[in-house]
Amino acid sequence: MDFLQELNSTQQIAVTHTEGPALIIAGAGAGKTRVLTYRIAQLLSQGAPAYRILALTFTNKAAREMQKRIADLIGGEMAANLWMGTFHSIFAKILRMEAEQLGYTSSYTIYDTQDSRNLLKAIIKEMNLDDKVYKPNVVQGRISMAKNNLVTPAAYLQNARILEEDKAMKRPLTGEIYRRYQQRCKQSDTMDFDDLLLETNILFRDHPETLAKYQQKFSHILVDEYQDTNYSQYLIIRKLSEAHRNICVVGDDAQSIYSFRGARIENILNFRNDYPDYKLYKLEQNYRSTTTIVDAANCVIGKNQGQIPKHIFSKNEEGEKIKVLHALSDKEEGFQVTNELFRLAQTKQLDYSSFAILYRTNAQSRVLEEALRRRNIPYKIYGGQSFYQRKEVKDLLAYFRLTVNQNDEEAFKRIINYPRRGIGDSTVEKLQEIASAYHAGLWTVICNLERVGSQFNSGTLGKLQKFGTLIEQFKTLASEENAYDAAVAIARQSGIIDELKNDDTPEGISRKENIEELLNGIKEFCETAYKEGQNDRLPAFLEGVALLTDQDNEKEGDQDKVTLMTIHASKGLEFPVVFISGLEEELFPAQQSTQTAAGLEEERRLFYVALTRAEKQVILSYANTRYRNGQITYPRPSRFIEEIAAEYLDGYIPLRSAPSGFKLRNATPQASPQPRQPITIQRAKAVDIPPIDRTRLQPVDANRVVPDMIIYHPTFGAGKVIGIEGLGTQKKAKVAFAEGGIRVLLLKFAKIYTQAD
DNA sequence: CTCTTCCAGCTTTTT
DNA sequence: GCTGGAAGAG
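From a predicted model like this one, the values you see are computed outputs, not experimental measurements.

(A) Expanded view of the overall build of chain A. Along the backbone of chain A there are 31 helices and 24 strands. Long-range contacts, defined here as pairs at least 24 residues apart, represent 73% of the contacts in chain A between residues at least 6 apart. Put simply, chain A shows about 34500 Å² of open surface, and 48% of that area lies on carbon and sulfur atoms.

Set out below in structure tokens:
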């Protein structure tokens, strides 16, 4: 095959050894995706039918990208027949075909995290438990953990260790909540994200003939990002690969960053035990980054214990050093980052799309966005609230869900009184009571109002009946029309359109746009489905949409823009220039993670991932003050900066060697940050300046600088404004500095800070 | 039953 | 600083 010419020797071997178990350890930027795609292309060219190849990824994006690349290599038709997708989407599909064996129907719907939390809240309330003790997200995490480790409710309630833990945490009834939760999901014909994997395992465990069918079907199995698989996923793969043993997993233990959601780094470490006859391939040459970046990243990851031995190297140019920006505040950090970005774009003639600004938490994006907007630099932002989680989108989707699956309890509760139709909480509560008494769902009650209706007054009864009829109509509609026509009709007849029509606030307009966008998406779905002779009905649309997150929808006009995203979201991507912001203790590494060695190591891997996104240049930044949760904090620079050898850094002066005088990198090394000593500046002799608490400085707007104000300047230090001259952009301040004499500062440029009070 | 106001918790990351 | 839920008034 001529496409093999494009690979180095290790890559070639990894691609052409297609039989038997294989573990590919692929360092960052070592051509992991390339090897995977070429391996699939190789399989296909050897005559393996596309529909017998199973390729699993972690994100829809990765799956789509790979599909596209394979299509380019061997043609789109063949690529389309591959079983390629995320774990969740592939097994959701299989579960749909095998649902009856598990007590679900093939039109089961999917609860997202919010739905499942709402159901848990309802159950906790019904059990008369205190939701301050049984915190819904804690319980949810507990259940999710159980599911990821294949602990069913029955097993949970019999597991002495788990029950002991729950007792110790003062939540002994967690198992009972889990039991009820699972029972309600089944009654509602719904699965949550974890169920998609758990139920697949149950299917394979309890139905050997079904397992055998899929074992035979999939002649070759490939798994991307193997280090991020959890136990549930691991076991599915192990079982499926038993018959043919053609399993190829690709991963990098150094990039394992999802243990918080159950990923087990051991899966990759234990591969050799599961498949003693495995072949190991190590892709160690980084083609992406400069030697400076690769070496710096190696410094960082070298601080971790227990890795698969490997030596990642680059033969690229040395490149620029890693620049460190230090800012007084989070706002100024945004300012400095934006400045530097603009400067690089100009001097190096780079498009804005060459830049990424990464951060640890989504909350950090706001100040960065503001700074970019002020500079008129176009940007796109990933993550945050996804399109499909917006209220208005979820509302309309809930109508679709209930249309497809009337037992979907969360969808039912979401829309029974939206838009307002006079069915309030107490009515829903009563419905719930009746439903429980009959061990049935809410919809069953609606269908049997003539039998139980006496419990409602006639007005309410009418409203409930009307709601039932409405959904029945939608059901007919969905079976007769294509997804788009049905969706538009539902949006209208449900009253959602009318509800939003009269809202002319900016939020209201944006809601309307989102609804429109959703409908447009459905239209597109219908057109594609029609063209390819696929099912274009509403249920088919809903199947796909439940597992979709944003990330996907690359909007038009997004080409030349700076990318803003969390480090997690950046995994697998690359950019010429990468900014990593907020390198501060408690933030990165996250405070919660520093408690355990394992947690800290994961944060370090996260930093490693961030560094290795960059091709040419990395810029780190941190701030002395930062608003978090509405409060000002005074972080110290992250330990991670100093874990990079000084020879690769530019502009960072380690704390211990910082001059004690008037420099901004002022914090003296402290064993523990609390209690915090205010750092003050000595009273000046020449001018009467009170002590300044440098930890409480904040930028001040030029307009607000007035005579007699005590200010602080990055270079000259503390001073007193003794006069103002000029107007507008020419406005200048005459300042008497404690140690630097009298200076006139053009306020347009000068960075001036004042003490917050 | 609906609307408004107030308060608590949140912020690590996602299918 | 924001959001979602609780509580209280109409």
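Read on for the rest.
(B) Broad picture of the pairing of strand β1 (residues 22–26). Most of β1 sits inside the fold, with 5 of its 5 residues counted as buried. Burial along β1 is two-sided: A22, I24 and A26 and L23 and I25, pointing in opposite directions, are all buried. Relative to strand β8 (residues 279–283), β1 runs parallel, the two being bridged by 5 bridges. Each bridged residue has a counterpart across the sheet, and for L23 the counterpart in β8 is L280. Pairing of β1 with strand β7 (residues 247–251), which is carried by 4 bridges, proceeds in the parallel orientation. The residue of β7 that forms the bridge with A22 is C248.

(C) Representation of the protein's contact with DNA strand B. Not every one of the 26 residues close to DNA strand B is listed here, only the nearest: R261, R360, S426, T427 and Q592. Near the protein, meaning within 4 Å, the atoms of DNA strand B are sugar or phosphate in a fraction of 58%, with bases accounting for the rest. Note that a phosphate oxygen of DNA strand B is positioned 3.3 Å from one of the backbone N or O atoms of N362. Contact distances for DNA strand B include 2.7 Å between a phosphate oxygen and a side-chain N or O atom of T427.

(D) The packing of aromatic side chains, seen in detail. Under the defined criterion, the tally for this structure stands at 20 aromatic pairs. Ring geometry for Y156 versus Y178: centroids 5.5 Å apart, planes at 80 degrees, classification edge-to-face. With Y156 in helix α8 (residues 153–158) and Y178 in helix α10 (residues 174–187), the pair connects residues that are 22 residues apart, well separated along the chain. With respect to burial, Y156 and Y178 carry one shared label: buried. Relative to F579, the ring of F355 has its centre 6.4 Å away and its plane inclined at 35 degrees; by these criteria the two rings are tilted.

(E) Examining the protein's contact with DNA strand C more closely. Around DNA strand C sit K121, R366, N629 and G630, and those are all the residues in its vicinity. Expressed as a percentage, the sugar and phosphate content of the atoms of DNA strand C within 4 Å of the protein is 44%. At 3.1 Å from a phosphate oxygen of DNA strand C is found a side-chain nitrogen or oxygen belonging to K121. Residues of the surface near DNA strand C, tallied by class, amount to no nonpolar, 2 polar and 2 charged.

(F) Fine view of helix α27 (residues 506–531). A rise of 1.5 Å per residue sets the reference length of α27, with its 26 residues, at 38 Å; its end C-alpha atoms lie 37 Å apart and thus fit the reference within 8%. Those residues of α27 that sit buried are G508, N514, I515, L518, L519, I522, C526 and A529. At the C-terminal side of α27, G533 shows a positive phi close to 65 degrees.

(G) The arrangement of helix α17 (residues 330–347) in detail. With 18 residues, α17 extends 26 Å between its outermost C-alpha atoms, agreeing within 8% with the 26 Å of an ideal straight helix rising 1.5 Å per residue. Within α17, the full set of buried residues consists of D330, E332, E333, G334, Q336, V337, T338, E340, L341, L344 and A345. Positive backbone phi, at 55 degrees, marks Q349, one or two positions downstream of α17.

(H) The arrangement of the side chain of E369 in detail. The topology assignment puts E369 in helix α18 (residues 365–374). Of the buried charged residues, E369 lacks a salt bridge, with R373 as the closest side chain of opposite charge at 4.0 Å. Beyond its immediate stretch of four places on either side in the chain, E369 contacts Y379, I381 and L564.

(I) Region of interest: the sheet that holds strand β6 (residues 220–223). If you trace the 6 strands from one edge of the open sheet to the other, you get β3-β2-β6-β7-β1-β8, paired in parallel fashion. Of all the strands in the sheet, just β3 (83–86) and β8 have a single pairing partner and so form its edges. Across the sheet, the axes of successive neighbouring strands diverge by a mean angle of 15 degrees, strand direction being ignored. For β6 and β7, the ladder comprises 3 bridges, and the chain directions are parallel. Paired with I221 across the two strands is I247, which belongs to β7.

(J) Looking closely at the pattern of salt bridges. For the coordinates displayed, the defined rule picks out 40 salt bridges. Linking E176 and R180 is a salt bridge whose minimum nitrogen-to-oxygen distance equals 3.0 Å. Linking E176 with R180, this pair stays in helix α10, spanning 4 residues, or about one helical turn. A salt bridge links E584 to R626, with the shortest nitrogen-to-oxygen separation between them at 2.7 Å. A residue pair is termed long-range when its members are at least 10 positions apart, and E584 in the loop between β15 (575–580) and α30 (597–611) and R626 in strand β16 (residues 614–628) qualify at 42 residues. Bridged by salt links that share partners, the residues K32, D224, E225, D228 and K571 form one connected network.

(K) Structural detail: empty space enclosed by the protein. If you walk through the whole model with that rule in mind, you get 3 cavities of 30 Å³ or more. Computed from the structure, the second largest cavity encloses a volume of approximately 60 Å³. Around the second largest cavity, the lining residues are R184, Q187, S188, N407, E409, Q432, A435, A440, G441 and L442. Looking at the lining of the second largest cavity, the elements with two or more residues in it are α10 and α21 (425–437). Across the lining of the second largest cavity, the residue classes tally to 3 nonpolar, 5 polar and 2 charged.

(L) Just unusual backbone geometry, in detail. P419 follows Y418 through a cis peptide bond whose omega is -10 degrees. Along the chain, P419 turns up in the loop between α20 (409–415) and α21. With an omega of 10 degrees, the peptide bond running from F588 to P589 counts as cis. As for its placement among the helices and strands, P589 is situated in the loop between β15 and α30. In this structure, R245 is a non-glycine residue whose phi angle is positive, near 55 degrees. Turning to its location among the elements, R245 is positioned in the loop between α13 (231–240) and β7. Among the residues examined, R245 registers a relative accessible area of 31% and is labelled partly exposed. With a phi close to 60 degrees, N376 is a non-glycine residue in the positive phi region. Tracing the sequence through the fold places N376 in the loop between α18 and β13 (379–381).

Rules and cut-offs
- Residues numbered from 1 in each chain as written.
- Chains lettered and ligands numbered in written order.
- Predicted model: local features only at pLDDT ≥ 70, side-chain atom pairs only at ≥ 80, totals over all residues.
- Heavy atoms only, no water.
- Helix = DSSP H or I, 4+ residues; strand = E, 2+ residues; numbered from the N terminus.
- Contact = heavy atoms within 4.5 Å.
- Areas by Shrake-Rupley, 256 points an atom, 1.4 Å probe, with all protein chains shown as cover.
- Buried < 20%, exposed > 50% of the residue type's maximum accessible area, 1.4 Å probe, protein only.
- Pairing = 2+ DSSP bridges.
- Near = heavy atom within 4 Å.
- Polar contact = N/O pair within 3.5 Å; in protein donor to acceptor, adjacent residues only side chain to side chain.
- Phe/Tyr/Trp six-rings, centres within 6.5 Å; stacked < 30°, edge-to-face > 60°.
- Nonpolar A, V, L, I, M, F, W, Y, C, P; charged D, E, K, R; others polar.
- Expected span 1.5 Å × (residues − 1).
- Lys, Arg positive; Asp, Glu negative; His and termini not counted.
- Salt bridge = Lys/Arg side-chain N within 4 Å of Asp/Glu carboxyl O.
- Axes fitted to C-alpha atoms, helices over the stretch in contact; angles between N-to-C directions.
- 1 Å grid on protein atoms, 1.4 Å probe; cavity = no way out; pocket = protein on both sides within 12 Å on 5 of 7 lines; lining within 4 Å.
- Points joined across faces, edges and corners; volume = space filled by probe spheres on them.

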